[in-house]
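# Chain and residue survey
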Amino acid sequence: MAFHAEAAGDRRAVLHHAPRAARQAAELASHREAAAQFERALRCAAEAGPGVTAGLYGGLAYELMLLGRFQGAVDTGEQALALWRQAGDRLREGDTLRNLSFALQHLGRGPDSVTAAEAAVRVLEPLGPVTELAHAYSRLASARMCFSEHPAAIELAVRAQAIAEPLGALDVLSDALNTQGSSVAHTGGEWTGYLRRALDIALAEGLENEAGRAFANLYCSYADQRRFAEAERYFTDGIAYCEEHELGSHAAFLRGERAAALERTGHWDEAVRLSTELLAGADLSSLYRLHPLHVLGVIRARRGQPGAWGYLDEAAAAADASAEPQWIIPVRLARAGAYWLQGKTAQAIREAELADD
C-alpha cells in the first residue's frame, strides 16, 4: 500500500501506510526494509507537522543504527532533535539525544557522544523517574565505561536499573546489566552473572539490539581474559543471531573482535583474511575499522611485509579521535612493537609512553 501510494503521488496515504510498514518490518527483524519505509514516508512529509516528521526521522535513525550506518543515523538523529525542540517536547528531545549519543560513539566521536549523553540526562531528570531517564542513565553509563571511568559507569548502571525494574523496562535493564558487567570485568570483579543475565533477558523478551550487544560484550570480555574456549560459543551464536536479525553494527563488532582473537592465538592467515574482508565492507565506521587495521598492521610488521604503517597510522588517527583508552592503548602498543622490530628504539619508547599516559 505504501509503495502504490507513493507511485500514485498520494502523500497522505504514504504517511498513513509507510510508518506502519516500517514498524511491522522492524518487528520481523527486517531492518533494511524498515529503514526504506521510513525513508519513503519522509519523502512525502513536506506538509506534515514537526512532531510527525521528527518521529519519522527518529525511527529512521534507530534503524540505521542497527544496520551499522552510523553517519546516516547521526544525520537523521540531528534532524529529529531539531524538530522535537521546535515542537517543545522535552521527553522526545532527551530520548533523541540518548540515541544520538549511541550513534556518535560508534562513529568514533567519543567526546561528542559523552556530551550528548550528559545533555540527555539534564533534559530528562526534571521529568522524574520515567523510562526515558532510565535509558539516559544507561547510555551515560556505557559512555563512562568506554572511557574507563568504571566506578561512575557502575553507579549509573545501578541507577538505571532502579528506575527500569519497577517500570518493567526490560530493554533498559538488560542494557544496564550489560554495562555493569563489562565495567566489573575491567576492574577484576566477577562479571559473568551480569552479562549472562543481560543476554537471557534480551533473548527471552525478543530485544534484538540488547541481545546483539550482550553477545558482543560476552565474547569480548572472555577474549580479553584469554578465555578463548569459553568465548567461542558467544561468537558463533552471536553472529548467527545478528545475521538473522539484520544487526549489522553488532555483527561488525563481533567480527572485529574475532580478528583480534585470531591474531592473539597465532591464526595469522585467518586473521588477515577476516580483517581484509571487514575493511572491504561498505559503511564500516572508523571505530569498526580499528580492529582489522590493528591486526593487519601488527601482522605485517611482524612478518616484515610492506604496508604496515598505512594500517597503523589510520588506526592511530581513529583511536585518538575516539578518545577512548580501550582503543588508544592497544594501537599505541602495536606501534611501539612495530618500531622496535625495525630497530627504532626512540620511536618505540615514545609510543609506549603515549600508551602509558
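I will try to describe carefully the structure that is included in this document. (Residues numbered from 1 in each chain as written. Predicted model: local features only at pLDDT ≥ 70, side-chain atom pairs only at ≥ 80, totals over all residues. Heavy atoms only, no water.)

A count of helices and strands for the protein chain gives 19 helices and 0 strands. By the compact-globule yardstick of 21 Å for 357 residues, the protein chain fits well, its C-alpha radius of gyration being 21 Å. Structurally, the protein chain occupies a C-alpha span of about 70 × 45 × 35 Å along its principal axes. Within the protein chain, the proportion of its 357 residues that are buried is 55%. Look at the contacts in the protein chain between residues 6 or more apart in sequence, and 57% of them connect residues 24 or more apart. For the protein chain, the accessible surface area stands at approximately 15,600 Å², while carbon and sulfur atoms represent 52% of it. Side-chain charges of the protein chain comprise 35 positive and 47 negative groups, with the mean position of each set lying 3 Å from the other. (Helix = DSSP H or I, 4+ residues; strand = E, 2+ residues; numbered from the N terminus. Rg over C-alpha atoms; globule rule 2.2 N^0.38 Å. Buried < 20%, exposed > 50% of the residue type's maximum accessible area, 1.4 Å probe, protein only. Contact = heavy atoms within 4.5 Å. Areas by Shrake-Rupley, 256 points an atom, 1.4 Å probe, with all protein chains shown as cover. Lys, Arg positive; Asp, Glu negative; His and termini not counted. Charge placed at Lys NZ, Arg CZ, Asp CG, Glu CD.)

A word on the side chain of Arg98. The residue Arg98 is located in helix α6 (residues 90-106) in this model. Taking the relative accessible area as the measure of exposure, Arg98 reaches 13% and is therefore buried. A polar side-chain atom of Arg98 sits 2.8 Å from a polar atom in the side chain of Asp95. Discounting residues that sit within four places of it in the chain, Arg98 has contacts with Ala120, His135, Ala136 and Arg139. (Polar contact = N/O pair within 3.5 Å; in protein donor to acceptor, adjacent residues only side chain to side chain.)

Here we come to the pattern of salt bridges. All told, the structure shown has 24 salt bridges when counted by the stated rule. Among the charged side chains, a network of salt bridges with common partners joins Asp313, Asp320, Arg332, Arg335 and Glu351. (Salt bridge = Lys/Arg side-chain N within 4 Å of Asp/Glu carboxyl O.)

Close contact between helix α12 (residues 208-224) and helix α13 (residues 228-244) brings their axes to 8 Å; oriented N to C, the two are set at 155°. Between α12 and α13, the crossing angle belongs to the class labelled roughly antiparallel. When the axes of α12 and α13 are compared, the crossing they make is left-handed. From α12, Glu208, Ala211, Gly212, Phe215, Leu218, Tyr219, Tyr222 and Ala223 reach across to α13, where they touch Phe228, Glu230, Ala231, Tyr234, Phe235, Asp237, Gly238, Tyr241 and Cys242. Its residues placed into classes, the contact of α12 with α13 shows 12 nonpolar, 2 polar and 3 charged. (Axes fitted to C-alpha atoms, helices over the stretch in contact; angles between N-to-C directions. Parallel < 35°, antiparallel > 145°, perpendicular 65-115°, else oblique. Left-handed = near helix turned anticlockwise from the far one by under 90°. Nonpolar A, V, L, I, M, F, W, Y, C, P; charged D, E, K, R; others polar.)

Notably, Glu246 is not glycine yet its phi reads approximately 55°, a positive angle. As for its placement among the helices and strands, Glu246 is situated in the loop between α13 and α14 (248-264). One non-glycine residue, Ala323, adopts positive backbone phi at about 65°. Within the secondary structure, Ala323 is located in the loop between α17 (308-322) and α18 (325-341). Take Ala323: its relative accessible area is 27%, and that puts it in the partly exposed class.

Scanning the entire structure with this criterion turns up 0 disulfides. Not part of a disulfide, Cys146 finds its nearest cysteine sulfur in Cys220, a span of 9.9 Å. (Disulfide = S-S within 2.5 Å.)

Glancing now at the packing of aromatic side chains. Scanning all chains against the criterion turns up 7 aromatic pairs. Ring geometry for Trp191 against Tyr222: centres 4.8 Å apart, planes inclined by 65°, an arrangement best described as edge-to-face. Residue Trp191 is located in the loop between α10 (170-186) and α11 (192-205), and its partner Tyr222 is located in helix α12; the two are separated by 31 residues in the primary sequence. Note on accessibility: Trp191 and Tyr222 belong to one class, buried. Ring geometry for Phe215 against Tyr241: centres 5.7 Å apart, planes inclined by 45°, an arrangement best described as tilted. Here Tyr241 lies in helix α13 and Phe215 lies in helix α12, a separation of 26 residues in the sequence. Exposure class is identical for Phe215 and Tyr241. Each is buried. (Phe/Tyr/Trp six-rings, centres within 6.5 Å; stacked < 30°, edge-to-face > 60°.)

This paragraph deals with the side chain of Thr53. Residue placement: Thr53 occurs in helix α4 (residues 50-67). With a relative accessible area of 10%, Thr53 lands in the buried category.

Working note: α-helix, 3.6 residues per turn, so residues spaced by three or four point in the same direction. With 17 residues, helix α2 (residues 11-27) extends 24 Å from end C-alpha to end C-alpha; this agrees with the ideal 24 Å at 1.5 Å per step. Considered for burial, the residues of α2 that qualify are Ala13, Val14, Ala18, Pro19, Ala22, Ala25 and Ala26. Here the buried face of α2 lies against α1 (2-7), α3 (31-43), α4 and α12. (Expected span 1.5 Å × (residues − 1).)

Here the focus is the packing of helix α16 (residues 286-303) against α17. Running from amino to carboxyl end, α16 crosses α17 at an angle of 145°, the nearest separation of the two axes being 8 Å. Relative to α17, α16 is oriented so that their crossing is left-handed. In contact with Ser286, Leu287, Arg289, Leu290, Leu293, His294, Leu296, Gly297, Val298, Arg300 and Ala301 of α16, α17 contributes Ala308, Tyr311, Leu312, Glu314, Ala315, Ala318, Ala319 and Ser322.

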